[in-house]
Amino acid sequence: MLQSAPITLYVLQDDVDARGLAGQIADSVGRVSYTDFVRLTVKHAGLLAW
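Note that the structure is a prediction, hence the values are computed from the model and not measured. (Residues numbered from 1 in each chain as written. Predicted model: local features only at pLDDT ≥ 70, side-chain atom pairs only at ≥ 80, totals over all residues. Heavy atoms only, no water.)

Peer 1: Would you explain the overall build of the protein chain in this entry?
Peer 2: When helices and strands are counted, the protein chain shows 2 helices and 2 strands. Counted from the first residue to the last, the protein chain has its helices and strands arranged as β-α-β-α. Taken along its principal axes, the extent of the C-alpha atoms in the protein chain is 35 × 25 × 15 Å. Taken as a whole, the protein chain presents about 4,200 Å² of accessible surface, with 59% of it coming from carbon and sulfur. Counting 4 positive and 5 negative side-chain charges, the protein chain places the centres of these two groups 6 Å from one another. (Helix = DSSP H or I, 4+ residues; strand = E, 2+ residues; numbered from the N terminus. Areas by Shrake-Rupley, 256 points an atom, 1.4 Å probe, with all protein chains shown as cover. Lys, Arg positive; Asp, Glu negative; His and termini not counted. Charge placed at Lys NZ, Arg CZ, Asp CG, Glu CD.)

Peer 1: What is the right way to read the confidence of the model for the protein chain from this model?
Peer 2: Caution applies to low-pLDDT parts of the model: their predicted coordinates are not meant to be read in detail. Per-residue confidence for the protein chain averages 88 on the pLDDT scale, and 92% of its residues sit at or above 70. No element of the protein chain has a lower mean pLDDT than helix α2 (residues 34–43), at 92, and none a higher one than helix α1 (residues 13–19), at 97. (pLDDT = per-residue confidence, 0-100.)

Peer 1: Before we go on, may I ask you to explain the environment of K43 in this structure?
Peer 2: When you line up the elements, K43 lands in helix α2. Along the chain, K43 and A22 lie 21 residues apart, while their C-alpha atoms are 26 Å from each other.

This is the structure we're talking about:
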């Protein structure tokens, strides 16, 4: 259902690697580093609620 939504999905590459999930994540899901995650957080700061 998420793959058909008009959004971009991201996963932390380190988490994927640590859990051995590389073969279970769709190619359409963006894999990001912690640095990339921070950049996304800053870019979309108004959309986050902690």
